[in-house]
Amino acid sequence: MSLPRDFLTQLEQYSELSNREKVVLLEIFSNGKSRVQVTQLLNISESNLSNCLTGIYKKFSISGSGPVKETRLREYLQKRYSQQKPSDRSTADFTEDDIDALVQEIREQVKPNIKEKCGKMRVLDMDQPIELTGERGIYTNVNILEKTTKRRRVKIGQLLQKLDREDFDHFGLHEASEERMSGLQAVQHHKKLMVLGKPGAGKTTFLKYLAMHCIEGQFLTNRVPVFIILKE
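On a predicted model such as this, the values are computed, not experimentally measured, just so you know.

(A) Fine view of the overall build of the chain. Along the backbone of the chain there are nine helices and four strands. When the helices and strands of the chain are placed in sequence order, the string is α-α-α-α-α-α-β-β-β-α-β-α-α. Burial statistics for the chain: of 232 residues in total, 26% are counted as buried. For the chain, the share of sequence-separated contacts (at least 6 apart) that also reach a separation of at least 24 residues comes to 58%. Of the roughly 17,200 Å² of accessible surface on the chain, a fraction of 49% belongs to carbon and sulfur atoms.

Here's what the structure looks like:
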């Protein structure tokens, strides 16, 4: 029995394999090729193939000797696959209540991670971090410009009309204003956001606040917050 390629590549042990071991695993257990066919396909010797298989067996904790290992690994993979196979229930059979229940279950699972990453902030040289939300929270509501000032387009005639000696350094731009909206309102209003700002302006703090506000059930309770730090 051949196993789906997607299933094999999603196994945690798959990531531990070398590139050649990954190819061997897929060719034998997904594409159904024999050992001879694999040696010809990869242009390697039988001993090299045996070494690859030994590495695969080790990563999957398969014991035994000779052909027994391959049989045991195949049985192990088939068992894992049968446990993960979706039921005959189609996607259309799922109700909104099912989806809501699944969302709430996932929210509970990610809650500890969100609180650990976003629940506290270290301010300046304070020895201990302080809470971002709650009664002792330090978060301050922010207002956001829907359009960035640097992307305004003003015609030369408009600039010259407002240009005088006192206003020379700013070319009349200090009078330009864009409508502001609260940060939470912006997230509710727009499906996609790119938050821009100078270092220290509070971009990260705002995103952490959104994640905490969501996971604490005060904002977008039908969503699952995921906080990803790019440098990680």
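Past the structure itself, the notes keep going.
(B) Structural view of the nonpolar core. Counting 23 residues, the largest nonpolar core has Leu8, Val24, Leu25, Ile56, Phe60, Leu73 and Leu77 as its most contacted members. Those elements giving two or more residues to this core turn out to be helix H1 (5-10), helix H2 (19-29), helix H4 (46-59) and helix H5 (67-84). Setting aside its immediate chain neighbours within four residues, Leu77 contacts Leu3, Phe7, Leu8, Leu11, Leu25, Phe29 and Phe60. Core analysis: the next-biggest nonpolar cluster, separate from the first, contains six residues, Cys118, Ala211, Met212 and Ile215 among them.

(C) Seen up close, the packing of helix H6 (residues 96-118) against helix H9 (residues 203-215). Contact pair H6 / H9: the axes reach a minimum separation of 10 Å and the direction vectors enclose 145°. The crossing of H6 and H9 is left-handed. For the pair formed by H6 and H9, the contact residues are Arg107, Val110, Lys111, Ile114, Lys115, Lys117 and Cys118 on the first element and Lys208, Ala211, Met212, Cys214 and Ile215 on the second. Of the residues that constitute the contact of H6 with H9, the class distribution is seven nonpolar, no polar and five charged.

(D) Here's a closer look at the side chain of Arg80. Relative to the assigned elements, Arg80 resides in helix H5. Those residues within four positions of Arg80 in sequence are excluded, and the remaining contacts are Phe7, Leu11, Glu12 and Gln13.

(E) A look at the environment of Ser63. Inspection of the secondary structure assignment puts Ser63 in the loop between H4 and H5. In this view, Ser63 contacts Lys69 and Arg72; residues no more than four positions away in its chain are not counted.

(F) Layout of the packing of H2 against H5. At their nearest, the axes of H2 and H5 sit 12 Å apart, and the two run at 80° to each other. Relative to H5, the element H2 lies roughly perpendicular. Residues Leu25, Ile28 and Phe29 of H2 form the contact with H5, whose own contacting residues are Glu70, Leu73, Arg74 and Leu77. The residue inventory of the contact of H2 with H5, partitioned by class, reads five nonpolar, no polar and two charged.

(G) Geometry of the pattern of salt bridges. With the rule as written, the count across this model stands at five salt bridges. A salt bridge links Lys59 to Glu21; its shortest N-O distance comes to 3.3 Å. With a gap of 38 residues between them, Lys59 in helix H4 and Glu21 in helix H2 connect regions that are remote in the sequence. On the basis of relative accessibility, which here comes to 27%, the residue Lys59 falls in the partly exposed class. Glu27 is the partner of Lys33 in a salt bridge, and the nearest nitrogen-oxygen pair spans 3.3 Å.

The rules behind the values
- Residues numbered from 1 in each chain as written.
- Predicted model: local features only at pLDDT ≥ 70, side-chain atom pairs only at ≥ 80, totals over all residues.
- Heavy atoms only, no water.
- Helix = DSSP H or I, 4+ residues; strand = E, 2+ residues; numbered from the N terminus.
- Buried < 20%, exposed > 50% of the residue type's maximum accessible area, 1.4 Å probe, protein only.
- Contact = heavy atoms within 4.5 Å.
- Areas by Shrake-Rupley, 256 points an atom, 1.4 Å probe, with all protein chains shown as cover.
- Core = buried A, V, L, I, M, F, W, Y, C linked by side-chain atoms within 4.5 Å.
- Axes fitted to C-alpha atoms, helices over the stretch in contact; angles between N-to-C directions.
- Left-handed = near helix turned anticlockwise from the far one by under 90°.
- Nonpolar A, V, L, I, M, F, W, Y, C, P; charged D, E, K, R; others polar.
- Parallel < 35°, antiparallel > 145°, perpendicular 65-115°, else oblique.
- Salt bridge = Lys/Arg side-chain N within 4 Å of Asp/Glu carboxyl O.

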